[in-house]
Number of protein chains: 2
Amino acid sequence: MDRISSRKNPKVQALARLMGPARARREAGRFVCEGLRLSLDAVRAGIPVEEVFLTDGFITRHPEAAAELIRAAGAAYAIDEPVAERLGDTRTPQGVFALCRMGEAFPPERLLAMDGPILGCECIQDPGNLGGMLRTAAALGFAGAILIGEGADPFSPKALRASMGAAFRLPLGRMDGIDGLFDRCAAGGIPTFAAIPSGGEPVDRLPMRRGVLLIGNEGNGLSERAITGARYRATLPMAGGMESLNATAAATILMWEMTREGREDR
Amino acid sequence: MDRISSRKNPKVQALARLMGPARARREAGRFVCEGLRLSLDAVRAGIPVEEVFLTDGFITRHPEAAAELIRAAGAAYAIDEPVAERLGDTRTPQGVFALCRMGEAFPPERLLAMDGPILGCECIQDPGNLGGMLRTAAALGFAGAILIGEGADPFSPKALRASMGAAFRLPLGRMDGIDGLFDRCAAGGIPTFAAIPSGGEPVDRLPMRRGVLLIGNEGNGLSERAITGARYRATLPMAGGMESLNATAAATILMWEMTREGREDR
């Protein structure tokens with residue numbers, strides 16, 4: 001296994017770029033998983049791991065995980081601790097990084113043809129929020145998610161950490177704008193639900209077993225186009241409610257309501 | 001209005017300390033609200049604002065809010081932009097800081113005597129997660145929250161931002177350990193519910209209209225003492241579920257289930 005001791009090594013610099021702004025990942029078609037859990041998740045989800053970088057400390061602490069990663073990767077490199085510290089996006093880097101090839105985005109048509117609800121995220125800004133929503137969608141059995149418009153990148157280090165690898169397993173599609181989505185859904189008879197804080201129909205009265213749940217930007221909510229274009233506007237009937245739920249909490253509860261056991265669509 | 005131009009001014013240094021680790025806030029019995037929304041929230045929630053610090057830019061952009069803050073505060077100071085930048089915990093400081101006196105923590109007895117469910121947070125580590133849970137609890141009409149053991153400080157800048165001022169309005173109590181809670185709840189006939197990821201009773205079959213919902217640490221969940229000591233162990237019956245929900249998402253759904261309209265306790 002070759003050893004990398006310099007932070008200026010081109011491979012290290014390439015990793016650092018891929019852990020920065022989204023553009024580098026988009027151009028390279030690659031992203032980086034940091035940490036044991038996420039790297040193993042990528043391997044086990046069948047994501048192609050081109051290169052893996054491990055510190056001696058990591059190999060000593062986790063010999064079996066290290067072996068699995070080295071076996072799965074196209075190439076493996078030992079890195080010195082200072083290199084890991086330079087790269088690490090977390091406060092206490094574990095000493096392992098996996099360079100992965102990004103799969104193709106799912107064509108929205110295929111996603112919409114799947115059995116089960118779809119999460120539609122319009123311009124979610126915070127990578128932690130986006131990752132958290134994808135994790136919740138995966139846990140609750142959503143069929144997939146569509147990212148609409150300009151928003152956080154699900155393959156950024158922070159989003160990957162928050163999603164705990166859900167971004168690998170949940171089919172993900174992308175669309176530049178919302179209009180294309182409504183056209184496709186109308187053609188396929190697929191209902192769309194715009195989540196709005198108040199004034200919509202109570203979520204327990206809507207036929208939400210399938211269809212696309214649209215969640216808007218943290219600060220501004222859904223766009224006017226999304227709200228008026230959707231087949232339904234859905235609101236949580238709240239008992240308390242002097243205060244508002246944040247976007248992630250509202251999305252979590254709406255996803256739960258779409259998938260909870262015993263739900264009967266009327 | 002006196003003007004502060006130096007970052008080394010003792011008042012500025014005191015503010016900076018209060019925006020750092022929790023210990024400084026505990027010792028001083030004071031905390032700092034940054035930003036227009038949070039500062040006004042504090043004033044309107046009746047929190048005593050001892051001093052307010054505003055940049056010229058803030059006063060120009062928000063003259064009415066500035067006037068309200070200056071009227072409410074014991075003293076007001078103009079600060080230069082570099083001072084605001086030094087203090088700001090956010091990337092784009094708005095140029096307003098309110099130094100507030102912390103109220104007494106609610107005695108747990110009083111909280112437990114209130115009508116409505118109580119959130120019990122055991123050792124939540126991340127201030128954003130804690131603030132988010134408090135905001136959700138307030139929005140869903142919880143009667144209050146009890147912070148158990150060593151965890152994030154709800155009055156840290158990050159927690160205040162995430163809670164959007166819920167920490168001002170939701171009655172908050174503190175307890176060093178969980179045992180005292182169980183003693184008090186048993187004496188008062190108040191049910192306690194330990195949230196566990198699997199193996200507990202389905203949440204829709206539990207009498208959860210009132211009582212204390214116990215949520216554990218993000219990484220390790222609730223302590224053994226909390227799980228075994230609670231009257232009930234509650235689990236979300238999940239339809240999907242190869243993946244797990246994160247602590248915040250699980251807490252959000254459990255709080256929703258405790259307060260949702262149409263809930264019938266059996």
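Source: prediction; values computed, not measured.

Moving on to the overall build of chain A. Check the secondary structure of chain A and you find 13 helices and twelve strands. Against the compact-globule benchmark of 18 Å for 266 residues, chain A has a radius of gyration of 20 Å, which places it among compact chains. By principal-axis analysis of the C-alpha atoms, chain A measures approximately 60 × 40 × 30 Å. Looking at chain A as a whole, 53% of its 266 residues qualify as buried. If you sum the accessible surface of chain A, you get close to 11,900 Å²; carbon and sulfur atoms cover 48% of it. For chain A, the distance from the average position of its 32 positive side-chain charges to the average position of its 32 negative side-chain charges is 2 Å.

This part covers the relation of the copies chain A and chain B. Of the transformation placing chain A onto chain B, the axial shift is 0.1 Å and the rotation is 180°, giving an RMSD of 0.0 Å. Expressed as a symmetry operation, the mapping of one chain copy onto the other fits a two-fold axis. Within chain A, the C-alpha atom positioned nearest to the axis of rotation is that of Ile253(A), 2.9 Å from it.

Another point: the interface of chain A and chain B. The partner chain B presents 27 residues to the 28 residues of chain A that form the contact. Both faces combined, the contact of chain A with chain B buries some 2,500 Å², and carbon together with sulfur accounts for 55% of it. At the boundary of chain A and chain B, one finds two salt bridges. In this structure, the salt-bridge partner of Glu257(A) is Arg260(B), at a minimum N-O distance of 2.6 Å. Remark: the boundary between chain A and chain B carries six residue pairs in polar contact (both at pLDDT 80 or more). Of all the secondary-structure elements, those providing two or more residues to the side of chain A that touches chain B are α8 (127–139), α10 (166–169) and α13 (247–259) of chain A. For the side of chain A that touches chain B, the class distribution of residues is 13 nonpolar, nine polar and six charged.

Our focus in this paragraph is the sheet that holds strand β1 (residues 2–4) of chain B. Residue and element names in this part refer to chain B. Strand order in the open sheet formed by five strands is β1-β4-β3-β5-β2, and the pairing between neighbours is mixed. In the strand order of this sheet, the two ends are held by β1 and β2 (30–34), each with one partner. For this sheet the average axis-to-axis angle between neighbouring strands, irrespective of direction, equals 25°. Where β2 meets strand β5 (residues 96–101), five bridges bridge the pair, whose relative direction is antiparallel. When the bridges of β5 are listed, Phe 31 appears paired with Cys 100.

What follows concerns the environment of Phe106(B). Residue and element names in this part refer to chain B. As for its placement among the helices and strands, Phe 106 is situated in the loop between β5 and α7 (108–112). Accessibility expressed as a relative area gives 21% for Phe 106, which makes it partly exposed. A sequence separation of 90 residues divides Phe 106 from Ala 16, and the C-alpha atoms of the two residues are 27 Å apart. With residues up to four places along the chain from it excluded, the contact list for Phe 106 reads Leu 111, Met 114, Pro 171, Leu 172, Gly 173 and Arg 174.

What follows covers the side chain of Arg135(B). Mapped onto the elements of the fold, Arg135(B) is located in helix α8 (residues 127–139). Reaching out from Arg135(B), the side chain makes a polar contact with the backbone oxygen of Leu245(A) at a distance of 3.4 Å. Not counting chain neighbours up to four residues away, the residues in contact with Arg135(B) comprise Ser244(A), Leu245(A), Asn246(A), Ala162(B), Ser163(B), Met164(B) and Ala166(B).

Let us now look at the pairing of strand β7 (residues 144–148) of chain B. Residue and element names in this part refer to chain B. Counting buried residues in β7 gives five out of five residues, a clear majority hidden from the surface. With burial as the criterion, each face of β7 is covered, one bearing Gly 144, Ile 146 and Ile 148 and the other bearing Ala 145 and Leu 147. As paired strands, strand β6 (residues 118–122) and β7 are joined by five bridges and run parallel to one another. Within the sheet, the bridge partner assigned to Gly 120 lies in β7 and is Ile 146. After leaving β6, the chain enters α8 and then returns to the sheet as β7, a path that is right-handed. Both β7 and strand β8 (residues 172–175) contribute to a ladder of four bridges, which runs parallel. Residue pairing in the sheet places Ile 146 in a bridge with Gly 173 of β8.

Time to look at the sheet that holds strand β6 (residues 118–122) of chain A. All names here are of chain A. Spatially, the seven strands line up as an open sheet ordered β8-β7-β6-β11-β9-β12-β10, and their pairing is parallel. What marks the edges here is a single partner per strand, and that holds for β8 (172–175) and β10 (201–202). Packing of α13 onto the sheet brings it into contact with β6, β9 (192–195) and β11 (212–215), and relative to β11 it is tilted by some 170°.

All names here are of chain A. Those residues of helix α5 (residues 63–72) not exposed but buried are Ala 65, Ala 66 and Leu 69. One face of α5 carries all of its buried residues, which in axial projection span an arc of 100°. Facing away from the buried surface of α5 by more than 90 degrees, the exposed residues are Glu 64 and Arg 71. Against α3 (36–44), β3 (49–55), α4 (56–61) and β5 (96–101) lie the buried residues of α5.

Let us look at the confidence of the model for chain A. Averaged over all residues, the pLDDT of chain A equals 91, while 96% of them reach at least 70. Model confidence for the complex is summarised by a pTM of 0.88, with the ipTM given as 0.86.

Turning next to the pattern of salt bridges. Under the counting rule described, the total for this entry stands at 30 salt bridges over all chains. Arg44(A) is the partner of Glu68(A) in a salt bridge, and the nearest nitrogen-oxygen pair spans 2.9 Å. On the criterion of sequence distance, the pair formed by Glu68(A) in helix α5 and Arg44(A) in helix α3 is long-range, its members being 24 residues apart. The partly exposed category is assigned to Glu68(A), whose relative accessible area is 21%. Several salt bridges share partner residues, and in doing so they unite Glu257(A), Arg260(A), Glu257(B) and Arg260(B) into one network.

Scoring rules and cut-offs
Residues numbered from 1 in each chain as written. Chains lettered and ligands numbered in written order. Predicted model: local features only at pLDDT ≥ 70, side-chain atom pairs only at ≥ 80, totals over all residues. Heavy atoms only, no water. Helix = DSSP H or I, 4+ residues; strand = E, 2+ residues; numbered from the N terminus. Rg over C-alpha atoms; globule rule 2.2 N^0.38 Å. Buried < 20%, exposed > 50% of the residue type's maximum accessible area, 1.4 Å probe, protein only. Areas by Shrake-Rupley, 256 points an atom, 1.4 Å probe, with all protein chains shown as cover. Lys, Arg positive; Asp, Glu negative; His and termini not counted. Charge placed at Lys NZ, Arg CZ, Asp CG, Glu CD. Least-squares fit on C-alpha atoms with pLDDT ≥ 70 in both. Contact = heavy atoms within 4.5 Å. Buried area = accessible area lost by both parts, 1.4 Å probe. Salt bridge = Lys/Arg side-chain N within 4 Å of Asp/Glu carboxyl O. Polar contact = N/O pair within 3.5 Å; in protein donor to acceptor, adjacent residues only side chain to side chain. Nonpolar A, V, L, I, M, F, W, Y, C, P; charged D, E, K, R; others polar. Pairing = 2+ DSSP bridges. Axes fitted to C-alpha atoms, helices over the stretch in contact; angles between N-to-C directions. Right-handed = clockwise from strand over helix to strand, strands pointing away. Arc of directions from axis to C-beta. pLDDT = per-residue confidence, 0-100.

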